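Spelled out, the chains give:
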Amino acid sequence: MKKTSEILKMNVKTLAWLLAISILLLFSCSDELDTNPQGVLDPATVVSTAENIDKLIIGVYGMLNGYNPSTGATWQTSVTNWVYGDITSDDAYKGSELTDQGPALEIETFSHLANNGYFDAKWRALYEGVKRSNDALRALNTSDFLSASEKATKIAEVRFLRGHFYFDLKKMFSKVPYLDENTETFFVKNFDGEELTWAHIEADFQAGVDNLPDTQVQSGRPRKASAQAYLGKALLYQGKFAEAKSVFDAVVNSGQFSLVDNYEDIYDPSLKSANTESVFVVHHSVGDGAANDANGDYGSVLSYIQGGPGGCCGFFTPSQDIVNAHKTSNGLPVLPSSDGIANHNDNPVNSDYGIFSSQPFTPYSGTVDPRLDWNIGRRGIPFKDWGVHPGADWARDPVAQGNYTQKKRFIRKDQNAFAGSGGWGEQTTAIDYHIIRYADVLLMLAECEVEVGSLTRAMELVNMVRTRAKNSNYVQNEMGTADAANYQIDLYASFTDQAMARRAVRFERRLELSFEGHRFFDLVRWGIIKARIDNYKSFEGSFNPNGTGYIPYINDINFEVGKNEYYPIPTNQIDLSTVAGEPTLQQNPGY
């Protein structure tokens, strides 16, 4: 593994120093915040060296993986957003036993209320990141021992990180309060001009574009092209396709990134700084002295196999719909005929739902995209180097979760050095999370090309992603003598019109980026979330592969337009914002 200094990890000493200067949960507002807390040091008064400034900045990075030491929240706050971006889409189920983590089931079925503790945990974690960013900016603004260029670079770095936290808050909650390093009161409205706007987020990323270096010694730190990519994403979410295209073009033309040769290697924990696809990445680490390996991928501790690799707990399992989406026809995806309507669910991939591992099962023999077996564990196919996936024996509750397993957050059996230890730490790994990776940039640029540019260029960009998948090392059978399934993937010869091109680009995002926390938010910004979720519910709610029915709660899913595009402002935060008997924060529509 790379040295800590090379990949920007936090160690225990740094964390202890940060806790001495941080005011935890600054944004969980209460009357006590009207007075200065006693026994807590002001970062602006203790920072007197460049080294200490950098420790404050590293403290901001410490919140990227979502682990908030003040609450102990982990899976509720994961940087991967598997709860908020995956199980609320057509890609995945909550998984595990039906009654375990009931609040997550409420979120999946859109029956959640504003007092759901998951939302409060995520809010607090993201605003802890904002708070640490603002602390660092205040210290930087008052420092007099850095050169003008050093100060500008470090300010840009912190503003980029704050932009990330605010981007997540915006796409999740929409109307949230905006607090920066100059804010003097913590009772800020999320309306009447005091709320966070896209302009605030754009400005933070633009500061990175203007002042970050072209390269970084430490690969976890953002560079200019990272800021351009994130700025482009913020513009894309607003439908500003021409502006987004310009900055995405700059990222591609910089030549600083490339697709890794083998698709599965994107998630190889041994790559770290050698991963050429990382545009902005959270480096996870284990065995670095942190208690319970808290610097590992703590947000995924529930997502491993009960009775198989990882040991617990069977959450975050793939849907039949996403499995079917990997089918191919003449090497190409089975595209929807219209927005939200899935043609790929005709003639589904064989499912072993309701079949014991001791009973015979015949895997699907039709053609599939090779990414199916890199993304998803299914019966009869080798699961990395852990042996052939047995199906139900690796499911904590086969009835409630099905028998599929997502694979992107799993290490290989021969990578034990990247596995954590101690308590929940035994289920952490050093697998990094790519907040933005190069394939994502190519596909976002392709979206822009479809809307305001060239369909031919859009096709070229999609084919770049598909070429990597086509030329990767396919999953082999148990003997290693042949492909494990009937893999067939080819390139598009043409995009016949804009509508077809739009569906092709969107479908490619689903295949390439599945289980990376993007799907729900993509469906919302495309304006097809209702049609897609209803179609998904219709298929999965009636799916009966072996005469046993299917996931029992699927028919409880009820997406409401004008409400469920965003999550509710947490009840706890509204209560804590009260001044003179009136809450400062307003609830989102429908809650």
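Here the structure is shown first, and the text comes after it.
Read on for a plain summary of the structure. (Residues numbered from 1 in each chain as written. Predicted model: local features only at pLDDT ≥ 70, side-chain atom pairs only at ≥ 80, totals over all residues. Heavy atoms only, no water.)

Things to note about the overall build of the protein chain
From N to C terminus, the protein chain includes 20 helices and twelve strands. A burial count over the protein chain gives 59% of its 591 residues as buried. Long-range pairs, those at least 24 residues apart, make up 72% of the contacts in the protein chain with a sequence separation of at least 6. For the protein chain, the computed accessible surface area is about 21,100 Å², with 48% contributed by carbon and sulfur atoms. (Helix = DSSP H or I, 4+ residues; strand = E, 2+ residues; numbered from the N terminus. Buried < 20%, exposed > 50% of the residue type's maximum accessible area, 1.4 Å probe, protein only. Contact = heavy atoms within 4.5 Å. Areas by Shrake-Rupley, 256 points an atom, 1.4 Å probe, with all protein chains shown as cover.)

A look at the pattern of salt bridges
The tally for this structure, following the rule as stated, stands at 50 salt bridges. For the salt bridge of R132 with E128, the shortest nitrogen-to-oxygen distance reads 2.9 Å. On the criterion of helical spacing, the pair formed by R132 and E128 is a turn pair, its members being four residues apart in helix α7 (residues 117-142). Of the two residues, R132 and E128, both sit in the buried class. (Salt bridge = Lys/Arg side-chain N within 4 Å of Asp/Glu carboxyl O.)

Brief notes about the packing of aromatic side chains
By the definition in use, this model includes 36 aromatic pairs. Taking the centre distance of 6.2 Å and the plane angle of 70 degrees together, the rings of Y93 and Y550 count as edge-to-face. Of this pair, Y93 sits in strand β1 (residues 92-95) while Y550 sits in the loop between α19 (529-542) and α20 (571-576); the two residues are 457 residues apart in sequence, bridging distant segments of the chain. Y550 shares its class with Y93; the two are buried. Both rings, one in Y304 and one in F410, keep their centres 5.1 Å apart while their planes meet at 85 degrees; by these two values the pair is edge-to-face. In this pair, Y304 sits in the loop between β2 (278-282) and β3 (305-306) while F410 sits in the loop between β9 (405-406) and β10 (433-437), placing the two residues 106 residues apart along the sequence. Grouping residues by exposure puts Y304 and F410 together as buried. Here the aromatic residues Y84, F110, F119, F520, F521, F559 and Y567 are joined through ring pairs into a cluster of three or more. Looking at K171, its charged tip hangs above the ring of F521, at a distance of 4.5 Å from the centre. Sitting over the face of the ring of F383, K407 holds its NZ or CZ atom 5.3 Å from the ring centroid. (Phe/Tyr/Trp six-rings, centres within 6.5 Å; stacked < 30°, edge-to-face > 60°. Lys NZ or Arg CZ within 6 Å of the ring centre and 35° of its normal.)

Re α7
Working note: α-helix, 3.6 residues per turn, so residues spaced by three or four point in the same direction. With 26 residues, α7 should cover 38 Å at 1.5 Å per step; its first-to-last C-alpha distance of 37 Å lies within 8% of that length. With 21 of 26 residues buried, α7 lies mostly within the body of the structure. Capping the start of α7 is the job of one residue whose side-chain oxygen sits 2.9 Å from the backbone nitrogen of Y118: N116. (Expected span 1.5 Å × (residues − 1). Polar contact = N/O pair within 3.5 Å; in protein donor to acceptor, adjacent residues only side chain to side chain.)

Examining the nonpolar core
Core analysis: the biggest nonpolar cluster contains 154 residues, and Y84, Y166, F173, V441, F495 and Y567 have the highest contact counts within it. With near-sequence residues (within four places) excluded, Y84 lies in contact with Q76, I107, Y118, F119, K122, M172, F520, F521 and Y567. Judged by nonpolar contacts, the second largest core, of five residues, contains Y304, I305, F383 and F410. (Core = buried A, V, L, I, M, F, W, Y, C linked by side-chain atoms within 4.5 Å.)

Focus on the pairing of β10
Extensive coverage of β10 is indicated by the burial of five of its five residues. In the sheet, β2 pairs with β10 via four bridges, with the strands oriented antiparallel. Bridged to S278 within β10 is R437. (Pairing = 2+ DSSP bridges.)

As for empty space enclosed by the protein
For the structure on display, the rule yields 14 cavities of 30 Å³ or more. Each pocket or cavity is described by its volume, and for the largest cavity that value is around 170 Å³. Along the walls of the largest cavity sit 15 residues, with P336, G340, F507, R519 and I528 positioned nearest its centre. Those elements that place two or more of their residues in the lining of the largest cavity are α17 (498-513) and α18 (519-526). Broken down by class, the residue content of the lining of the largest cavity amounts to seven nonpolar, two polar and six charged. (1 Å grid on protein atoms, 1.4 Å probe; cavity = no way out; pocket = protein on both sides within 12 Å on 5 of 7 lines; lining within 4 Å. Points joined across faces, edges and corners; volume = space filled by probe spheres on them. Nonpolar A, V, L, I, M, F, W, Y, C, P; charged D, E, K, R; others polar.)

Keep in mind these values describe shape, not function.
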